[in-house]
Amino acid sequence: MTRVPVGRRKRRAARAAAAAAALILAAAGCGGGAQDDPNTVTIAYQDFGTFQAADDLFTKVKEEFEGQNPDVTVELRPIEAPAEDYQTQVNLMNQSAAEAPDIIYEDSFTINQDVDAGYLAPLDEYWEAWEDAGQYNEQADAAVTALDGKRYAAMLGTDTRGLWYNTELFDQAGVDTPWEPRTWDEVLETARTIRSELGEEVTPLNVYSGTPAGEQSSMQGFQMLLSGTDGALFDEEARKWVTGSAGFEDALAFVETVYSEDLALAPRDALNANVATLNNEERIPAGEIAISLDGSWVTQSWIESANKPWPEWQDVMEFAPMPTQNGQDPGATSMSGGWTLALGSQSANPDLAWEVMSHALNEENATKFAIEGGQIPVREDVASSPEFLEASPMAEQAAALVDVTHFRPAYSEYPRISLAVQEAMEAVMLGEATPAEAAETYAQEVEGIAGADNVTSGG
Amino acid sequence: MESTLTAAAPQRAPRPRRSARSARPGRPGIARWLVPLAPALFLLLTFFAGPILWTVWASFTNAALTGAAAADTEFVGLANIERLLTDPQFLDATVVTVVFLVGSGVVGQTVLGLALALLMQNRGAAVRTAVSAIVVGAWVVPEVVAGFVWVAFLEREGSLNALLDQVGLAPQNWLYTAPILAVVLANVWKGTAFSMMTYSAGLSEVPTDLKEAARVDGASGWRVLWHVVLPLLRRTIATTLLLVTLQTVQVFTLIFVMTGGGPGGRSTTLPLLMYQEALNFGDLGYGTTIALALLVVAGLFSLVYVRLLRPEEVR
C-alpha cells in the first residue's frame, strides 16, 4: 500500500468537495427533471379560500386521464394564494424553463401581458381541429384572443356581478320582494330603511372598498358603479385612460355615502383582506348583511362541497341586477371576467398538454366546474343542460346580465390603475378626502402611470 | 506534481522561519487557503454575491415578471432612478421608513434596551432571569406570530380596547388611527432584547472602580451614568445602533401582517413598497431600484453613527 502524502490527500479531499458542490449545483440548476419529461403534464392553478372548484376539477382530470393513459403523469401544482399573489407565483414559475407549467389556469385579463412576455403558446391549430370548439360562444372566444389576433386559451366559464339580497331581512324591514331597484338612489333608500328598521345588528349594504380587498374593491365595488354612469376607466376608441369624468366622482360619492352613513361594514371590517370570505361564509349565512354587491359565483360558498355549506340559501337569497346611476339605458350594468386554461409556451409536449386540457374542458367537466364554481357556462351544451339549470337556481338571472356586462381594460397598466382606484376609494371611505379630492389624486397618479399622452380628461 | 512544488521551494528561501516551521515544502500563500476555501467561496459567490450583483444590474433595466419587458429586458440606464426621485409614493415611503427607524430602532430599542440593561445591573439572579426571559421571549417569537399578537392586542375588539373600556374610554381602531405608532410599538417590543443584551454585555465591562471613584468624588447616580458609563459605552452604542438600524430598515413581515402598509399607504415602508412594485406589479427593475435606495438610507444612518460616536474620541 502506498502512503499518500498528507498534502496530496488534503488536496484530493478539497477537489472532491469542489466536484461534489459543482454536481449539486448543476443538479439544482436543471431542477425538476419532471417538467422536461414529455410524458408529464403540469397544471398550475389557484386553490384558495372558498374556491375549491379548480382543485376538484383538476384532481378529477388527473385521475381520469392517468387511468386512460398509464404512461402519462398529470402533475398538479395547486397554489394557495389570493388572486394577485397567484399571478405573481405563476409568473415566477414561467420565468424558468424547468418550472414553467404546461397548462395554466389564467385570468382572462392577464392573457395579453403573458403573451407579450412569451409565456403562452397559440392554440389555433388545436382549436380548429377540436370537435367541441363550436359549443363556445363568441364572447368567450373574444376574451381569449390576444391583440395579435391569435387564440391563447380556452375559457372555463365567465361571471357577472349584481346585488345579492336576503329576503328574510327584507321581510323583517318591510321592504317588498322581489326587489328591483332602478337607480342608485333606490338602492340607497332601501339600505337606509334597513338601517332604521333593523338597527345595528344588520349591515344594510356591502360594497367592497379599499386596498386590502384588492381587485374585489376595484371590480365588484368601484367598476360596478362606474360602469353604470357615463364615465369609464378607459376610452377604447381613443385608446387612452380617462380621468376627471363626472361618473368617476359620482361613483366615489356613492362609496362615501354608504360608508359615512354607516350603511356598509365598519371600515375595520371592510379593510380586511379576507372580507369576502368572511362575508360569504359567515356574515351572510348568519343574516348580518342585507344586500351585498358581489359576483354570481358567491353561491360556491354555500353549496354542499363548501367549507361551511348553507343549503337554505336557495330559500333566502335572491339576486337583482345592479341598476345604472339614474336608470339610464340599458337600465342595469355588470362586470365580467372569467378564468381560462392556457397552454404554456415552454411545454415539452404541447400535443399531450392539449389532450389533457381538452379533457378538462369537455362537457362533463365543464358542467361540473360551472356548478361548483358558480360560473356562467360558455359552452352552449352546458348552459342548456338540465343538470346545470337545476343545480344553479340563480344561473338564468346571472346569465341574463351578460347582455349588459363590461370587461376590464386588459392592458399592462391596469393593475397599477386598479390600485390607484382602490386608494381613491379608501381615502373616501375613511373620510380622508372628498370624492373630488380623491378623483384629483387619481388623475395625477394615472398620468404618472400611463404617461400624460395616454390620458384623456373629461367625459 | 510533488517535484514541481519542491522545485519552487528554493525561491521562497529568504523567509527561513516559515519554511523551518512548516514540515511541507512551501507553496504560494494564496493557494494554501484558497484551495480549501474554494467550495465555500464558490457557494458564497453564487448564492450571495450573485443575487446582489443581479439586483444592481436589474435596477438599471426594465426587468419585469410579465408583459413585453419580461420577454426582452432592456437596459434603461438611470430611468428607474429618475422615476424614483419623482415618485410621491417613494418619498412618502422614505419618510415612513425614517420615522419607523428612528421611532422603533434608534429611540425605542436603544433607550428601552439601555434602560433595561441598567436596571438589571446589580439585581438578584431571579429578577434578571425573569426580565430576560420575558424580553428575550418576544425576540424569539417569529415575526409573523408577533404581528398577529399585536393585531389581537390593538384591533377594535382586542385586549387594549377591552382594558380601555373598563376605565370608561371609547374603543379606538388603533391599526387605522395610529398605524405607525402601532408598528413602532410592536417592533420595539419585538426587538429590544437584542440591544438589551449587547448593552448588558457592554455594561459588565465598565470597570467598577471608575464608578466608585466618581461616587467618592460626590457624583450623583445620573452624573456617573452620563459622565462615566455612557462615554465608556460609546463603542457598544455605535455597534448596536448600526446593527439595529440594519435590522429595522428591512422589517417587512411585522408591518405586512399588522397593517399591510395601510390604511392608504400610511405605514408603507420601503420594503413594503419594494414588494408591491416588484411582486404585485411585476416591475422587477423598479423594485430593485427601491432596494438600492433602502441600502442608501441604511448607509446614511450608519455614517451618522460612525461620525457621531467615533470611538477614537474615547480614551
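Every chain begins its residue count from 1, and numbering advances along the sequence as written. Chains carry letters and ligands carry numbers; both start at the beginning, A for chains and 1 for ligands, and go up in the order they are written. Side-chain atom pairs in this predicted model are given and counted only at pLDDT of 80 or more, local residue features only at pLDDT of at least 70, and totals for whole chains, interfaces and linings cover all residues. Heavy atoms throughout the structure, all of them, feed into the side-chain values; hydrogens and water do not.

- An unreviewed UniProt entry lists chain B under the name Multiple sugar transport system permease protein, with Spinactinospora alkalitolerans given as the organism.
- The UniProt entry for chain B carries this comment under Sequence similarities (unreviewed entry): "Belongs to the binding-protein-dependent transport system permease family." UniProt positions are given in the numbering used here, feature names are shortened, and annotations may be inferred rather than shown by experiment.

- Looking at an unreviewed UniProt entry, chain A carries the name Multiple sugar transport system substrate-binding protein, with the source organism given as Spinactinospora alkalitolerans.

### Quick notes on the overall build of chain B
Reasoning step 1: For the purposes of this entry, the term helix denotes a DSSP run of H or I that reaches at least four residues, the term strand denotes a run of E that reaches at least two, and both are numbered from the N terminus. Scanning chain B for helices and strands turns up 16 helices and zero strands.
Reasoning step 2: Only protein chains enter the area calculation, which uses a 1.4 Å probe; residues under 20% of their type maximum are buried, those over 50% are exposed, and those in between are partly exposed. The buried share among the 315 residues of chain B stands at 38%.
Reasoning step 3: The long-range fraction of contacts in chain B, counting pairs at least 24 apart against all pairs at least 6 apart in sequence, stands at 68%.
Reasoning step 4: Shrake-Rupley sampling with a 1.4 Å probe provides the accessible areas, and residues are treated as covered by the protein chains on show and by no other component. Total accessible area on chain B is roughly 17500 Å²; 69% of this is exposed by carbon and sulfur atoms. We call two residues in contact when some of their heavy atoms are within 4.5 Å.

### Quick notes on the side chain of A:Thr324
Residues and elements named next belong to chain A.
Reasoning step 1: Structurally, Thr324 is set in the loop between strand E11 (322-323) and strand E12 (332-336).
Reasoning step 2: For Thr324, a relative accessible area of 3% gives the class buried.
Reasoning step 3: Under the rule applied, a polar contact is a pair of N or O atoms within 3.5 Å (in protein, one hydrogen donor and one hydrogen acceptor; residues adjacent in sequence only if both atoms are side-chain atoms). In this structure the side chain of Thr324 is engaged in a polar contact, spanning 2.8 Å, whose partner is the backbone oxygen of Gln328.
Reasoning step 4: Apart from residues no more than four positions distant in its own chain, Thr324 is found in contact with Arg182, Thr183, Trp184, Gly228, Pro330, Gly331, Ala332 and Thr333.

### Describing a negative patch on the surface
Residue and element names in this part refer to chain A.
Reasoning step 1: A cluster of acidic side chains, namely Glu168, Asp171, Asp176, Glu312 and Asp315, defines a negative patch on the protein surface.
Reasoning step 2: Position of Asp176 among the secondary structure elements: in the loop between helix H8 (167-173) and helix H9 (184-198).
Reasoning step 3: Overall, the relative accessible area of 65% leaves Asp176 in the exposed class. Patches in this entry comprise residues that are over 30% relatively accessible and not in a salt bridge; like charges within 9 Å are linked, as are nonpolar side chains (Val, Leu, Ile, Met, Phe, Trp, Tyr) within 5 Å. Any carboxyl oxygen of Asp or Glu within 4 Å of a side-chain nitrogen of Lys or Arg constitutes a salt bridge here. None of His or the chain ends enter the tally, which takes Lys and Arg as positive and Asp and Glu as negative. By convention, charge coordinates are those of NZ in Lys, CZ in Arg, CG in Asp, or CD in Glu.

### Observations concerning the packing of aromatic side chains
Reasoning step 1: Whether two aromatic rings pair depends on their centres lying within 6.5 Å, for rings of Phe, Tyr and Trp, where Trp uses its six-membered ring; planes under 30 degrees apart make the pair stacked, over 60 edge-to-face, and the rest tilted. Counted by the stated rule, this structure contains 32 aromatic pairs over all chains.
Reasoning step 2: Judged by centre distance (6.4 Å) and plane angle (75°), the ring pair of A:Trp164 and A:Trp313 falls under edge-to-face. One end of the pair, A:Trp164, is in strand E5 (residues 161-166); the other, A:Trp313, is in helix H14 (residues 313-316), and 149 residues separate them in sequence.
Reasoning step 3: Grouping aromatic residues by their ring pairs yields a cluster made of A:Tyr45, A:Phe58, A:Tyr86, A:Tyr105 and A:Trp339.
Reasoning step 4: Counted as over-ring charges are cases with an Arg CZ or a Lys NZ within 6 Å of the ring centre that also lie within 35 degrees of the ring normal. One residue, B:Arg83, lies across the ring of B:Tyr286, its end atom 3.7 Å from the ring centre.

### Details of the pairing of strand E1 (residues 40-46) of chain A
Residue and element names in this part refer to chain A.
Reasoning step 1: In terms of burial, E1 is a largely internal element, seven of the seven residues being buried.
Reasoning step 2: With burial as the criterion, each face of E1 is covered, one bearing Thr40, Thr42, Ala44 and Gln46 and the other bearing Val41, Ile43 and Tyr45.
Reasoning step 3: Strands are labelled as partners when DSSP assigns at least two bridges between them. Where E1 meets strand E2 (residues 73-79), seven bridges bridge the pair, whose relative direction is parallel. When the bridges of E2 are listed, Ile43 appears paired with Leu76.

### Topic: the sheet that holds E5(A)
All names here are of chain A.
Reasoning step 1: Taking strand neighbours across the sheet as the criterion, the four strands line up as E6-E9-E5-E10 in an open arrangement whose pairing is mixed. Two strands bound the open sheet, and with one partner strand each, they are strand E6 (203-206) and strand E10 (317-320). Sheet twist, expressed as the mean angle between neighbouring strand axes with direction ignored, is 20°.
Reasoning step 2: Judged from the three bridges that link them, E6 and strand E9 (residues 289-295) form a sheet pairing that is parallel. From the neighbouring strand, Leu205 faces E9, where its bridge partner is Ile291. Here, axes are lines fitted to C-alpha atoms. For helices the fit covers the stretch in contact, and angles between N-to-C directions go from 0 to 180 degrees.

### Some details on the UniProt feature "domain: ABC transmembrane type-1" (unreviewed entry) in chain B
Reasoning step 1: If you check UniProt for "domain: ABC transmembrane type-1" (unreviewed entry), the listed places come out as residues 95-307 of chain B in our numbering.
Reasoning step 2: The straight-line gap between the two end C-alpha atoms of residues 95-307 of chain B is 22 Å; of that span, 80% is helix and 0% is strand.

### Description of the UniProt feature "transmembrane region" (unreviewed entry) in chain B
Residue and element names in this part refer to chain B.
Reasoning step 1: What UniProt calls "transmembrane region" (unreviewed entry) maps, in this numbering, to residues 33-57, 93-119, 131-153, 173-189, 241-264 and 284-306.
Reasoning step 2: Annotated as residues 93-119, this span is 100% helix and 0% strand, and its ends, taken at the C-alpha atoms, are 36 Å apart.
Reasoning step 3: For residues 284-306, the end-to-end C-alpha separation is 33 Å, with 100% helix and 0% strand making up the annotated structure.

### Focus: empty space enclosed by the protein
All names here are of chain A.
Reasoning step 1: The distinction between a cavity and a pocket rests on a 1 Å grid over the protein atoms alone: a 1.4 Å probe fits inside a cavity but cannot get out, while a pocket stays open yet meets protein on both sides within 12 Å along at least five of seven lines, and a residue with an atom within 4 Å of a point counts as lining. Grid points are joined across faces, edges and corners, and a volume is the space filled by probe spheres set on the points. Summed over all chains, the structure comprises four cavities of 30 Å³ or more.
Reasoning step 2: Considered as a void within the structure, the largest cavity measures approximately 90 Å³ in volume.
Reasoning step 3: Gln87, Asn91, Glu106, Thr110 and Asp114 are, among the 13 residues lining the largest cavity, the residues nearest its centre.
Reasoning step 4: Looking at the lining of the largest cavity, the elements with two or more residues in it are helix H4 (83-94), strand E3 (103-107) and helix H5 (111-116).
Reasoning step 5: Here the lining of the largest cavity is built from residues that sort into five nonpolar, five polar and three charged.
Reasoning step 6: Taken as a whole, the second largest cavity encloses approximately 50 Å³ of empty space. Any residue that is not Ala, Val, Leu, Ile, Met, Phe, Trp, Tyr, Cys, Pro, Asp, Glu, Lys or Arg is counted as polar, Gly included; the first ten are nonpolar and the last four charged.

### Here's the deal with the sheet that holds strand E14 (residues 405-407) of chain A
All names here are of chain A.
Reasoning step 1: The mixed open sheet is built from three strands, whose spatial order is E11-E12-E14. Two strands in the sheet have a free side with no partner beyond their single neighbour: E11 and E14.
Reasoning step 2: Where E11 and E12 come together, two bridges link them in antiparallel fashion. In the sheet register, Pro323 faces E12, and the bridge partner there is Ala332.
Reasoning step 3: Lying on the sheet, helix H10 (residues 215-226) is in contact with E11 and E12; it crosses E12 at an angle near 145°.

### Examining the pairing of E3(A)
Residue and element names in this part refer to chain A.
Reasoning step 1: Of all five residues in E3, five are buried; the element is thus mostly enclosed.
Reasoning step 2: Strand direction decides the pairing type here: E1 and E3, joined by two bridges, are parallel. Within the sheet, the bridge partner assigned to Ala44 lies in E3 and is Ile104.
Reasoning step 3: Relative to strand E13 (residues 338-343), E3 is paired through five bridges, and the arrangement is antiparallel. Note on E13: the bridge partner recorded for Tyr105 is Leu341.

### Quick notes on the domain arrangement of chain B
It is common to give the size of an interface as the accessible area lost on bringing the parts into contact.
All names here are of chain B.
Reasoning step 1: All the domain ranges listed were derived from an automatic or database domain assignment. Segmenting chain B into domains produces domain 1 (38-80) and domain 2 (85-309).
Reasoning step 2: On a C-alpha basis, the centroid separation for the pair domain 1 and domain 2 is 31 Å.
Reasoning step 3: Facing ten residues of domain 1, the contacting portion of domain 2 comprises eleven residues.
Reasoning step 4: Taking both partners together, domain 1 and domain 2 bury about 830 Å²; carbon and sulfur atoms supply 70% of that area.
Reasoning step 5: Once two parts are brought into contact, the accessible area they lose, counted with a 1.4 Å probe and summed over both, makes up the buried area. Looking at the side of domain 1 facing domain 2, the largest losses of area belong to Ser59, Leu65 and Asn80, adding up to 51% of the total buried there.
Reasoning step 6: Counting across the interface, domain 1 meets domain 2 through zero salt bridges.
Reasoning step 7: In this assembly, domain 1 and domain 2 are joined by five residue pairs in polar contact (both at pLDDT 80 or more).
Reasoning step 8: When residues of the side of domain 1 that touches domain 2 are assigned to their parent elements, the largest contribution, four residues, is made by helix H3 (residues 29-58).
Reasoning step 9: Its residues placed into classes, the side of domain 1 that touches domain 2 shows six nonpolar, four polar and no charged.

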